[in-house]
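Spelled out, the chains give:
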Amino acid sequence: MSHTVTGTEPTQPPPGDDTAFFGQPRGLMTLSGLEVWERFSFLGMQAILVLFFADQVSDGGMGMEPGTAASVSAAYGTLVYLVSVAGGWLADRILGSYRAVLYGGILIACGHYAMAVPTATMTWVGLGLISAGTGLLKPNVASMVGKLYRTEDDRRDAGFALYYMAINIGAFAGPLVTGWLGDHASWHWGFSAAAFGMTLGLIQYVAGRRHLAGRKHGAEYALARGPMRRAVLLIVIGIVVAGLVATALVLAGWLTMDRFVDVLTLVSVIAPVVYFVVMFRSPRVTPEERGRLRPYVVLFLASVVFNFILFQAYSTMMLLASTNARTEIFGFHFPASWYASALGAFEVALAPVVAAVWARMGPRQPHAANKIAIGVILGGLSFLLMVLPTSGHADDTYRMTAWWIVGSYLLLGLGDVLLETSGMSATTKLAPRAFASQTMALWFLSLALANGVQAQIVKLYGEVSNPAYFGVNGAVAVVAGVAVVAAAPWLKRTMHPVH
């Protein structure tokens, strides 16, 4: 049974004159603040994770081969976003968005604290907790941002751009702190900093909860009491059984790391297909809403292609930076993981510019489909750029200047601002009402699929030449972006009320 709402809780988007946060609703400040620290912890850890996996055991690492380290890191990302499906469903049917985000943040903090313990077992336990927590937090906090605006509010895209700028402050700062600690102290000190950041994020989230539209004690589409109890029981039983089966398979020698990665990739392909089918066939989805889901499939695939490139900023690009890029600018030496901060810095700098342009243009701004297409093309160009400094070398001992990777991240950062803000904003508009949080989870399933594909493709890193690796992947992304441009007329007709 759904809980009633107290009179002190905001259940509707705030009025249009709520402009307390740079012209946006004040609830955006609370949610952006949470994501600053969540991204600080998540991407701060992500920047050093592949280097930790690839480092020698004697130096505190896991001793993996570079291709394996990148593949396992991508598989972790796959698991993070696969769990977002369950997170969206739990918010819609049992917990409500506010509590789902709160509990997710707690699990993330516990996971980072576990990774601070210098043992392999605690590393895997920590990654599991972070995966579960992120699955609860990510789809629901983005949906809560969407609830701050009415559908016709022209501030929505600008608000999402500011939201994205704010969270990338964390993306910029996280690798600086964790990378320095990982380079000068130990990898686990870097993980400790991530834990501290997530704790701060939880504190400010609870402190600013009164400004959040739609905050309820229960789920918006809560199950009745009986079905809810059965659902909770089945979830608990399922987790226990899955744990026991996985343990048995590991002990039997069947479930190796390579097979686990392959299973996650397979699930990342099947899950979105099943989810789209369920939503298209659901009786709770109206014919009008079903029509808007069709163009969403195109946006979904565009997100997969772009994020396949983007996530390699924390895997193959980190490995390339650590072995073949100079770690100094103007005589200043820095850890290789600091390159990841360049991506966050560019997004921090570019997001307000993009937000200002969209706000100034108002209804004359490009359609969301065109913004997304340009983002995909820029992502492909960021990889094609890397063909130049990696070509023409007799061996792998060369060192490119830092500006090549910085330039690649500039293209990637602009593409990310254009695609992710427009994609998340369009998702909140195209979502069927009965699947609001779950449709946001479906957007994150595109990230799971991007990571799942990456987990297989990065195995080729080091096996083929770097120019071939970056050139082919970049060209595929550019072609995909051009295809979205070609489909723009149809997308514009079918994506109403998205502009």
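Everything below is about the structure printed above this text.
The following refers to the structure shown. In this text, all values refer to a predicted model and were calculated from it rather than measured experimentally.

Parameters at a glance
- Sequence order sets the numbering: in each chain, residues are counted from 1 along the sequence as written.
- Only residues with pLDDT of at least 70 are given local features in this predicted model, and only at 80 or more are side-chain atom pairs given and counted; all residues enter the totals for whole chains, interfaces and linings.
- In computing side-chain properties, one takes all heavy atoms of the structure into account and sets aside hydrogens as well as water.
- Here a helix means four or more residues in a row that DSSP labels H or I, a strand means two or more in a row labelled E, and each is numbered from the N terminus.
- Both definitions apply: the radius of gyration is a C-alpha atom measure, and the globule rule equals 2.2 Å times residues to the power 0.38.
- To sort residues, take the accessible area from a 1.4 Å probe on protein chains only and compare it with the maximum for the residue type: under 20% means buried, over 50% means exposed, and anything in between is partly exposed.
- By definition in these notes, contact holds between two residues if any of their heavy atoms fall within 4.5 Å.
- Both cavities and pockets are sets of points on a 1 Å grid over the protein atoms alone; in a cavity a 1.4 Å probe fits but cannot get out, in a pocket the set is open with protein on both sides within 12 Å along at least five of seven lines, and lining residues sit with an atom within 4 Å of a point.
- Grid points are joined across faces, edges and corners, and a volume is the space filled by probe spheres set on the points.
- In this count, Pro and Cys sit with the nonpolar residues alongside Ala, Val, Leu, Ile, Met, Phe, Trp and Tyr, while Asp, Glu, Lys and Arg are called charged and the others, Gly among them, polar.
- For this document, the term salt bridge refers to a Lys or Arg side-chain nitrogen within 4 Å of an Asp or Glu carboxyl oxygen.
- What a helix should span is 1.5 Å times the count of its residues minus one.
- Values of bend correspond, residue by residue, to the angle between axes fitted over the seven residues ending at that residue and the seven starting there.
- The set of buried Ala, Val, Leu, Ile, Met, Phe, Trp, Tyr and Cys residues whose side-chain atoms join them within 4.5 Å is what this entry labels a nonpolar core.
- Ring pairs are drawn from Phe, Tyr and Trp, using the six-membered ring of Trp, whenever the two centres fall within 6.5 Å, and their geometry is named by plane angle: stacked under 30 degrees, edge-to-face over 60, tilted for the rest.
- Axis definition: a line fitted to C-alpha atoms, limited for helices to the stretch in contact. Angles are taken between N-to-C directions and run from 0 to 180 degrees.
- Note on terminology: angles under 35 degrees are roughly parallel, angles over 145 are roughly antiparallel, angles of 65 to 115 are roughly perpendicular, and the others are oblique.
- Crossing handedness: left-handed means the near helix sits turned counterclockwise from the far one by under a right angle, and right-handed means the same turn made clockwise.

**Digging into the overall build of the protein chain**
And then number 1: Helix and strand content of the protein chain: 17 helices and 2 strands.
And then number 2: For 499 residues, the compact-globule formula gives about 23 Å, and the C-alpha radius of gyration of the protein chain, at 22 Å, lands near that figure.
And then number 3: Dimensions of the protein chain, computed from the C-alpha atoms along their principal axes, are close to 65 × 55 × 40 Å.
And then number 4: Counting across all 499 residues of the protein chain, residues that qualify as buried make up 55%.
And then number 5: Nonlocal contacts in the protein chain, meaning residues at least 24 apart in sequence, comprise 83% of its contacts between residues at least 6 apart.

**Notes on the layout of surface pockets**
And then number 1: The space that makes up the largest pocket amounts to roughly 870 Å³.
And then number 2: What lines the largest pocket is a set of 27 residues, among which Val83, Ile235, Gly238, Ile239 and Ala242 lie closest to the centre.
And then number 3: For the lining of the largest pocket, the secondary-structure elements that each account for two or more residues are helix H2 (66-95), helix H4 (120-146), helix H7 (225-251) and helix H8 (257-281).
And then number 4: Among the elements that take part in the lining of the largest pocket, H2 stands out by supplying 9 residues, more than any other.

**A word on empty space enclosed by the protein**
And then number 1: A full pass over the atoms with the stated rule returns 3 cavities of 30 Å³ or more.
And then number 2: Estimated volume of the largest cavity: approximately 330 Å³.
And then number 3: In terms of lining, the largest cavity is formed by 26 residues, of which the most central are Arg39, Tyr81, Tyr164, Leu310 and Phe311.
And then number 4: Residue assignment for the lining of the largest cavity shows that the elements contributing at least two residues are helix H1 (27-54), H2, H4, helix H5 (156-184), helix H9 (287-310), helix H11 (339-361), helix H14 (402-430) and helix H15 (436-457).
And then number 5: Of the residues contributing to the lining of the largest cavity, the split by class is 15 nonpolar, 5 polar and 6 charged.

**What about the pattern of salt bridges?**
And then number 1: Taken as a whole and judged by the stated rule, the model has 4 salt bridges.
And then number 2: The residue Lys138 makes a salt bridge to Glu35 at a minimum N-O spacing of 3.0 Å. You can see Lys138 sitting in helix H4 and its partner Glu35 sitting in helix H1, a full 103 residues away along the chain. Side by side, Lys138 and Glu35 carry an identical accessibility label, which is buried.
And then number 3: Glu38 is the partner of Arg39 in a salt bridge, and the nearest nitrogen-oxygen pair spans 2.7 Å. For the residue pair Arg39 and Glu38, the accessibility class agrees, reading buried in each case.

**Comments concerning H9**
One turn of the α-helix equals 3.6 residues, which is why residues spaced by three or four share an orientation.
And then number 1: Taking 1.5 Å as the rise per residue, H9 with 24 residues should run 34 Å; its terminal C-alpha atoms sit 35 Å apart, in good agreement.
And then number 2: Of all the bends in H9, the greatest measures close to 30° and is centred on Pro295.

**Quick notes on the nonpolar core**
And then number 1: In this structure, Met45, Tyr205, Tyr339, Ile405, Tyr409 and Leu445 are the most contacted members of the largest nonpolar core, which totals 131 residues.
And then number 2: Looking at this core, the element that brings in the most residues is H1, giving 13 residues.
And then number 3: If near-sequence neighbours (up to four positions away) are discounted, Tyr339 is found in contact with Met318, Ala321, Ala325, Arg326, Thr327, Phe334, Ala402, Ile405, Val406 and Tyr409.
And then number 4: Listed in part, the 8 residues of the second largest apolar core include Leu90, Ala91, Leu95 and Leu136.

**Re the packing of aromatic side chains**
And then number 1: All chains considered together, the criterion is met by 18 aromatic pairs.
And then number 2: Pairing Phe276 with Tyr296 gives two aromatic rings, centres 6.1 Å apart and planes at 55°, and the pair type is tilted. Taken together, the residues Phe276 in helix H8 and Tyr296 in helix H9 connect sequence positions 20 residues apart.
And then number 3: The exposure class of Phe276 is buried, given its relative accessible area of 10%.
And then number 4: On the basis of relative accessibility, which here comes to 0%, the residue Tyr296 falls in the buried class.

**Topic: the packing of H8 against H9**
And then number 1: The geometry of H8 relative to H9 is characterised by a closest axis approach of 10 Å and an angle of 165° between their N-to-C directions. On the basis of the axis angle, H8 is roughly antiparallel to H9. With respect to the hand of their crossing, H8 and H9 are arranged in right-handed fashion. Contact residues: H8 offers Pro272, Phe276, Met279 and Phe280, while H9 offers Arg290, Leu293, Arg294, Tyr296, Val297 and Phe300.
And then number 2: When its residues are assigned to classes, the contact of H8 with H9 shows 8 nonpolar, no polar and 2 charged.

**A look at the packing of H9 against helix H16 (residues 466-486)**
And then number 1: Put simply, H9 and H16 touch, their axes get as near as 10 Å, and they point 155° apart. Taken together, H9 and H16 sit at an angle that is classed as roughly antiparallel. Every pair of crossing elements has a handedness; the one defined by H9 and H16 is left-handed. Along its contact with H9, which presents Ala302, Val305, Phe308 and Ile309, the element H16 presents Asn473, Ala477, Ala480 and Val484.
And then number 2: The residue makeup of the contact of H9 with H16, split by class, is 7 nonpolar, 1 polar and no charged.

**With respect to the environment of Gln56**
And then number 1: When you line up the elements, Gln56 lands in the loop between H1 and H2.
And then number 2: Gln56 sits 40 residues away from Gly96 along the chain, and the two C-alpha atoms are 44 Å apart.
And then number 3: Not counting residues within four places of it along the chain, the set of residues in contact with Gln56 comprises Gly61 and Gly63.

**Section: the environment of Ala86**
And then number 1: Structurally, Ala86 can be placed in helix H2.
And then number 2: The class for Ala86 is partly exposed, based on a relative accessible area of 40%.
And then number 3: Here the alpha-carbon distance between Ala86 and Gly135, two residues 49 residues apart in the chain, equals 7.1 Å.

In short, shape yes, function no, at least from these values alone.
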